[in-house]
Amino acid sequence: MLMVVLGVVFGFVYWVLVQAWNGLAILMGPAGDLAQHVLFGGWLIVAPIVLAIVRRPGAGVAAEVIASVVEVVFLGSPVGPSLVIAAAIQGAGSELAFALTRYRRFGWAVFAASGLFGAGLVFFYVAFSAGWYGQDVFALRLVLQLLSGAVLGGLLAKVVVDALARTGVVDNFAIGREASARA
């Protein structure tokens, strides 16, 4: 149930990020097309948060897909239905870092790798569908998106998860029990 609630909440957060992306694109002028890559990691954050709390295979992918459905169907995201496919891909990438540890490690490096993998995997899907291959700024797009993924989609997710654990709202989950044991 928590996975669904977080997916819905982050669907709204992701819609707000679209508005920020549009505003940043305007502020960046001719380089505005790169704004999406600067903010991209923000669209990855729900998967590692859910995985750190729920600790079930597939939970990160499901949370990303739920968030994308809310963003597209209920909030009318300008990205459109292809966002659901992208969400599944980025969720799978984000989940890969946790799967490699068999969902047993939740340190800074795993979160950073989660954001990096999520951003990297979906980048190549979007690059194909948006026609970025062969562009002069292709490498710049990739680097910006990978950095954003690691920082916003990975490290910021770790900050959020640790903050939630400190509040006690996740005490009924493994993450809360671990926090209590350490205290």
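Residues numbered from 1 in each chain as written. Predicted model: local features only at pLDDT ≥ 70, side-chain atom pairs only at ≥ 80, totals over all residues. Heavy atoms only, no water.

An unreviewed UniProt entry lists the chain under the name ECF transporter S component, with Oceanitalea stevensii as the source organism.

1. Topic: the pattern of salt bridges
Following the criterion strictly, the structure yields 2 salt bridges and no others. A salt bridge links aspartate 33 to arginine 141, with the nearest nitrogen and oxygen atoms 2.2 Å apart. Separated by 108 residues along the polypeptide, aspartate 33 in the loop between helix H1 (2–27) and helix H2 (35–39) and arginine 141 in helix H7 (residues 138–167) bring together distant segments of the chain. Relative accessible area serves as the criterion here: at 41%, aspartate 33 is assigned to the partly exposed category. Using a relative accessible area of 2% as the deciding quantity, one classes arginine 141 as buried. Two residues, aspartate 162 and lysine 158, come together in a salt bridge whose shortest N-O distance is 3.1 Å. (Salt bridge = Lys/Arg side-chain N within 4 Å of Asp/Glu carboxyl O. Helix = DSSP H or I, 4+ residues; strand = E, 2+ residues; numbered from the N terminus. Buried < 20%, exposed > 50% of the residue type's maximum accessible area, 1.4 Å probe, protein only.)

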